[in-house]
Amino acid sequence: MERRVFGPVPSRRLGKSLGINNIPYKICTYQCIYCQLGKAVRMQANRQEFYRPEELVGEVKTVLDSIEKENEYPDYVTLVPDGEPTLDIHMGELIERLGILNIPVAVITNASLMHLPEVREELLGADYVSLKVDTVQHQTWKKVNKPHKSIRLEAIEEGIQTFARLFTGKLVTETMLIRGFNDSYDELTQTARFIRTFTPETAYIAIPTRPPAFRQAVPADEETVNEAYHIFRDYLDKVELLTGYEGNAFSSTGHFREDILSITAVHPMREDAVRGLLHKTNDSEDALILLLEEKQLEKLQFNGHNYYLRRFSK
Ligand code: SF4
């Protein structure tokens, strides 16, 4: 039988996350070009019963009981199947039952069913909700997310805004950048403007880090990710990058090398800030040059300033 509970696994966003597959493998409302399940996805837009919530919660309890050290205990239990978790008609009951375990509940959803009042209602019970917003352009949405034919983008957008007004937990968005599809200046500006209408706590910009099923899904490069970061920052308070380095983000070790690698994995760092860090850690510019030579860092220009970004393209 397919494993339904896995982890805890480390996650930059969630700390230690115990994952729950609340739907069978590969069932989704989308068939994103960057999905590693890709062409194998079985598409559907109707919610249905897959598993009994009490069975899933029983499996979660078994895993929790087997954890011996307190520091290995999960920070979140997360509905994050290889597919779309809101297709589970019992999602609301599952979230409710998980809540009794006194561990915050997270849901990572592609947001495609946010037009359904019952899905929004059920998600209100979660502590953390991550919504996919790759684009707000209809044509691009069709090309990038390849949605089930019964789903409407405008209805999803309205649903997201309605949900955000009521949700008291932590709301974040995730935008996956695919070269030549949704990474132009206009696209990014429109996406950022839409996200601003419901002010999530953090807007994440991601690139595919695992091989996609469709070959045309090439990750945006550093230059574009840097630009996307700045465009999003013009509209949104908190923007972070998810480029494949979970790292030790934001923790200052007092060591230039570790600090700059962990910070630039999350957001581009302006040259003056890098110089400030060198000064703080008593390092010379050689340490910076070495990282550029090792191709760990990339130097990029934006709006007349130099920025450094963690290198992620091959
Ligand atoms: S929403 Fe997620 S699981 Fe569904 S096709 Fe897209 S990437 Fe794959």
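Scoring rules and cut-offs
Residues numbered from 1 in each chain as written. Predicted model: local features only at pLDDT ≥ 70, side-chain atom pairs only at ≥ 80, totals over all residues. Heavy atoms only, no water. Pairing = 2+ DSSP bridges. Helix = DSSP H or I, 4+ residues; strand = E, 2+ residues; numbered from the N terminus. Near = heavy atom within 4 Å. 1 Å grid on protein atoms, 1.4 Å probe; cavity = no way out; pocket = protein on both sides within 12 Å on 5 of 7 lines; lining within 4 Å. Sits in = over half its atoms within 2 Å of the grid points. Nonpolar A, V, L, I, M, F, W, Y, C, P; charged D, E, K, R; others polar. Axes fitted to C-alpha atoms, helices over the stretch in contact; angles between N-to-C directions. Contact = heavy atoms within 4.5 Å. Domains from an automatic or database assignment. Buried < 20%, exposed > 50% of the residue type's maximum accessible area, 1.4 Å probe, protein only. Salt bridge = Lys/Arg side-chain N within 4 Å of Asp/Glu carboxyl O.

**Student:** Teacher, can you tell me more about the sheet that holds strand 13 (residues 305-310) here?
**Tutor:** Strand pairing in a sheet is mediated by backbone hydrogen bonds. Such pairs are either parallel or antiparallel. Reading across from one edge, 11-13-12 is the order of the three strands in this open sheet, with antiparallel pairing throughout. Bordering the open sheet on either side are strand 11 (269-270) and strand 12 (297-302), each of which pairs with just one other strand. Examined bridge by bridge, strand 11 and strand 13 share two bridges and lie antiparallel to one another. Bridging across to strand 13, R270 finds its partner in Y307.

**Student:** I'm lost on the site of the ligand in this one. Help?
**Tutor:** Taken together, C28, Y30, Q31, C32, Y34, C35, G83, N110 and K132 make up the full set of residues adjacent to the ligand. Here the ligand occupies the largest pocket. Classifying every residue of the shell around the ligand gives five nonpolar, three polar and one charged.

**Student:** How should the sheet that holds strand 8 (residues 170-176) be read in this particular structure?
**Tutor:** Taken in spatial order, the eight strands make up an open sheet running 1-2-5-6-7-8-9-10, and their pairing is mixed. A strand with exactly one partner marks an edge of an open sheet, and here the two such strands are strand 1 (5-11) and strand 10 (239-242). The mean angle between the axes of side-by-side strands here comes to 25 degrees, regardless of whether they run parallel or antiparallel. Inspection of the sheet shows strand 2 (residues 15-20) paired to strand 5 (residues 76-79) by four bridges, in the parallel sense. Bridging across to strand 5, S17 finds its partner in Y76. Where helix 2 (residues 91-99) meets the sheet, its contacts fall on strand 2, strand 5 and strand 6 (105-109), and the angle it forms with strand 5 comes to roughly 170 degrees.

**Student:** Please explain the domain arrangement of the chain as it appears in this structure.
**Tutor:** The accessible area lost on association of the parts is a frequent measure of interface size. As assigned here, the chain comprises domain 1 (5-172 + 180-187) and domain 2 (256-310). The gap between the C-alpha centroids of domain 1 and domain 2 is 35 Å.

**Student:** Is there a simple way to explain helix 8 (residues 256-264) in this structure?
**Tutor:** In an α-helix, one turn spans 3.6 residues, which is why side chains three or four residues apart end up on the same side. Counting buried positions along helix 8 yields seven of nine residues, so the element is predominantly enclosed. Inspection of helix 8 places F256, D259, I260, L261, S262, I263 and T264 among the buried residues, and these make up the whole buried set. Looking at the buried side of helix 8, the elements it contacts are strand 11, helix 9 (271-280), helix 10 (285-293), strand 12 and strand 13.

**Student:** Is there a simple way to explain the pattern of salt bridges in this structure?
**Tutor:** Between side chains of opposite charge, a pair can form as their charged atoms come close. Inspection of every chain in the model, using the stated rule, returns 16 salt bridges. When the shortest N-O distance is used, the salt bridge between R97 and E93 registers 2.9 Å. Remark: E93 and R97 occur in helix 2; sequence separation between them is four residues, near one turn of the helix. For R275, the salt bridge identified is with E271, shortest N-O distance 3.3 Å. Of this pair, R275 and E271 both sit in helix 9, four residues apart, roughly one helical turn. Given a relative accessible area of 18%, E271 falls into the buried group.

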